[in-house]
Amino acid sequence: MLEKKAYAKVNLSLDIVGRREDGYHLVRMVMQSLDIYDVLTFERLDSPEIIVLLNDPETGLNESDKDMQDNDISDTDKKAGIEEDLLGKVPLDENNLIYKVARLLFDKYIWKKDDRAGVRITLTKNIPIAAGMAGGSSDAAATFHGINQLFELGLMDRELMEMGVTLGADIPYCIMGGTALSEGIGEELTRLPDIPECAFLVVKPRISVSTAEAYGGYDALAEASESGTGKKTRIIHPDVDGQVDALYAGNLKGVTDRFLNVLEYVTAEKYPVIGELEKIMLDFGALNAMMSGSGPTVFGIFDDIEKAEAAAKEIETRDMSDQIFVVKAV
């Protein structure tokens, strides 16, 4: 049996710089993985089966497709019919990203050598669902790593990333992890220096946001802004290059001063709780606070973990979320 951790991510900045003919948005953003993670276990089988189980029947979703990428959403973003098996675990079907990754690797490599090989993958969820934290993409990345190791395929990360982008734009970053500049549709990655030592307070309010709606709302807002029609919201774009320079300089405040996520113009207007959470974090000493991805998760960076814990306690006292984390970067 092999165990892998699938780490959540947040966006330290997120800008939309264009759109491809196929509808995917072109982005520039700085990504950061955090010490919030799902756990995947991999077991070899002696029959040609791919079995994917969810270790928490109460989740009730084939969720890895629900949050499969923060850039755009695919037609596979849907609930799957599920039923509890005799072990009290929930089987996830072929629409799940974990299954898709496993099937890709088995078809391409494993079954060509051993047509009786199989795998059982069990997922234990900790990353909030539909939260703008790439939970599904991270699970997919861990599946690439896990099967590559378990079956001794000897594939390099670059090869895994090239396959991963065919299934989801955030998967290549999740395979890489750490601090990175993400461009294109998310597949053009540049590793950056680690963010300076700090504490992250991460809060997922009790709402869910459609990635497709967030990007569609931004498109409408940008078009109205450019044409001068409708609501005249001036879109300010993040200084991504300045944030990258601050990381190279080891300047934490330089990083947080350049927090900006253009999707927040859409999501925060619809859900005031996002702004309310940011204000609490700032009031308790966060260097800055921002929404991650398409939301609704809000995170703040603190130079003192005790301040982060105090803010977390305040949010808990106000009963604004059931999913509150004080963590560090990984």
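All of the points below concern the structure found in this document. (Residues numbered from 1 in each chain as written. Predicted model: local features only at pLDDT ≥ 70, side-chain atom pairs only at ≥ 80, totals over all residues. Heavy atoms only, no water.)

## Here's the deal with the overall build of the protein chain
- In terms of helices and strands, the protein chain carries 10 helices and 12 strands.
- Taking all 330 residues of the protein chain together, 54% fall into the buried category.
- Put simply, of all contacts in the protein chain between residues at least 6 apart along the chain, 75% involve residues at least 24 apart.
- When the accessible surface of the protein chain is totalled, it reaches about 14300 Å², and 46% of it is carbon and sulfur. (Helix = DSSP H or I, 4+ residues; strand = E, 2+ residues; numbered from the N terminus. Buried < 20%, exposed > 50% of the residue type's maximum accessible area, 1.4 Å probe, protein only. Contact = heavy atoms within 4.5 Å. Areas by Shrake-Rupley, 256 points an atom, 1.4 Å probe, with all protein chains shown as cover.)

## Describing the pattern of salt bridges
- Summed over the entire model, instances satisfying the criterion amount to 17 salt bridges.
- The salt bridge involving Asp22 is made with Arg20; its shortest N-O contact spans 2.6 Å.
- Exposure remark for Arg20: the relative accessible area of 33% places this residue in the partly exposed category.
- For the salt bridge of Asp319 with Arg206, the shortest nitrogen-to-oxygen distance reads 2.6 Å. With a gap of 113 residues between them, Asp319 in the loop between helix 10 (305-317) and strand 12 (323-327) and Arg206 in the loop between strand 8 (199-204) and helix 5 (211-227) connect regions that are remote in the sequence.
- Three or more residues joined by partner-sharing salt bridges are found here, namely Arg28, Glu183 and Asp241. (Salt bridge = Lys/Arg side-chain N within 4 Å of Asp/Glu carboxyl O.)

## Some remarks on the packing of helix 1 (residues 97-113) against helix 2 (residues 135-150)
- For the pair helix 1 and helix 2, interaxial distance at closest approach is 8 Å and the crossing angle is 30 degrees. By the angle between their directions, the pair helix 1 and helix 2 is classed as roughly parallel. Classified by chirality, the crossing of helix 2 by helix 1 is right-handed. Where helix 1 abuts helix 2, its residues Leu97, Ile98, Val101, Ala102, Leu104, Leu105, Phe106 and Ile110 lie against Gly136, Ser137, Asp139, Ala140, Thr143, Phe144 and Ile147.
- When the residues that make up the contact of helix 1 with helix 2 are grouped by side-chain class, the tally is 11 nonpolar, 3 polar and 1 charged. (Axes fitted to C-alpha atoms, helices over the stretch in contact; angles between N-to-C directions. Parallel < 35°, antiparallel > 145°, perpendicular 65-115°, else oblique. Left-handed = near helix turned anticlockwise from the far one by under 90°. Nonpolar A, V, L, I, M, F, W, Y, C, P; charged D, E, K, R; others polar.)

## Quick notes on the packing of helix 9 (residues 273-283) against helix 10
- At their nearest, the axes of helix 9 and helix 10 sit 9 Å apart, and the two run at 140 degrees to each other. Classed by the angle they form, the pair helix 9 and helix 10 counts as oblique. At the point where helix 9 passes helix 10, the crossing takes the right-handed sense. Contacts between helix 9 and helix 10 involve Leu277, Ile280 and Met281 on the former and, on the latter, Ala311, Glu314 and Ile315.
- Residues that form the contact of helix 9 with helix 10 fall into these classes: 5 nonpolar, no polar and 1 charged.

## Considering the side chain of Asn261
- With respect to the helices and strands, Asn261 occurs in strand 9 (residues 260-261).
- Relative accessible area serves as the criterion here: at 3%, Asn261 is assigned to the buried category.
- Looking at Asn261, its side chain comes within polar contact range of the main-chain nitrogen of Leu263, at 2.9 Å.
- Within polar-contact distance, the side chain of Asn261 engages the backbone oxygen of Gly293 at 2.8 Å.
- If sequence neighbours within four positions are ignored, Asn261 has contacts with Leu14, Met290, Met291, Ser292 and Gly293. (Polar contact = N/O pair within 3.5 Å; in protein donor to acceptor, adjacent residues only side chain to side chain.)

## Observations regarding the environment of Arg19
- Relative to the assigned elements, Arg19 resides in strand 1 (residues 2-19).
- Each C-alpha atom, one on Arg19 and one on Ile185, is 8.8 Å from the other, the two residues being 166 residues apart in sequence.
- A polar contact of 2.7 Å, which involves the side chain of Arg19, links it to the side chain of Asp219.

## A look at the environment of Tyr248
- Considering the arrangement of structural elements, one finds Tyr248 in helix 6 (residues 240-249).
- Residue classification places Tyr248 among the exposed positions, given a relative accessible area of 54%.
- Between the C-alpha atom of Tyr248 and that of Leu192, which follows or precedes it by 56 residues, the distance is 7.4 Å.
- Contact partners of Tyr248, with chain neighbours within four places excluded, come to Arg191, Leu192 and Pro193.

## So, the pairing of strand 11 (residues 298-302)
- Of all the 5 residues making up strand 11, 5 are buried; the element is thus mostly covered by neighbouring parts of the structure.
- Residues Val298, Gly300 and Phe302 point to one face of strand 11 and Phe299 and Ile301 to the other, with burial holding for every one of them.
- Pairing analysis gives 5 bridges linking strand 8 to strand 11, with the strands arranged antiparallel. Pairing of Phe200 across the sheet is with Ile301, part of strand 11.
- Strand direction decides the pairing type here: strand 10 (residues 288-291) and strand 11, joined by 4 bridges, are antiparallel. The residue of strand 11 that forms the bridge with Met290 is Phe299. (Pairing = 2+ DSSP bridges.)

## Section: the packing of aromatic side chains
- The tally for this structure, following the rule as stated, stands at 5 aromatic pairs.
- Between the aromatic rings of Phe106 and Phe151, the centroid separation amounts to 5.2 Å while the plane-to-plane angle is 75 degrees, which identifies the pairing as edge-to-face. Separated by 45 residues along the polypeptide, Phe106 in helix 1 and Phe151 in the loop between helix 2 and helix 3 (157-164) bring together distant segments of the chain. You'll find Phe106 and Phe151 in the same group, each marked buried.
- Here the aromatic residues Phe106, Trp111 and Phe151 are joined through ring pairs into a cluster of three or more. (Phe/Tyr/Trp six-rings, centres within 6.5 Å; stacked < 30°, edge-to-face > 60°.)

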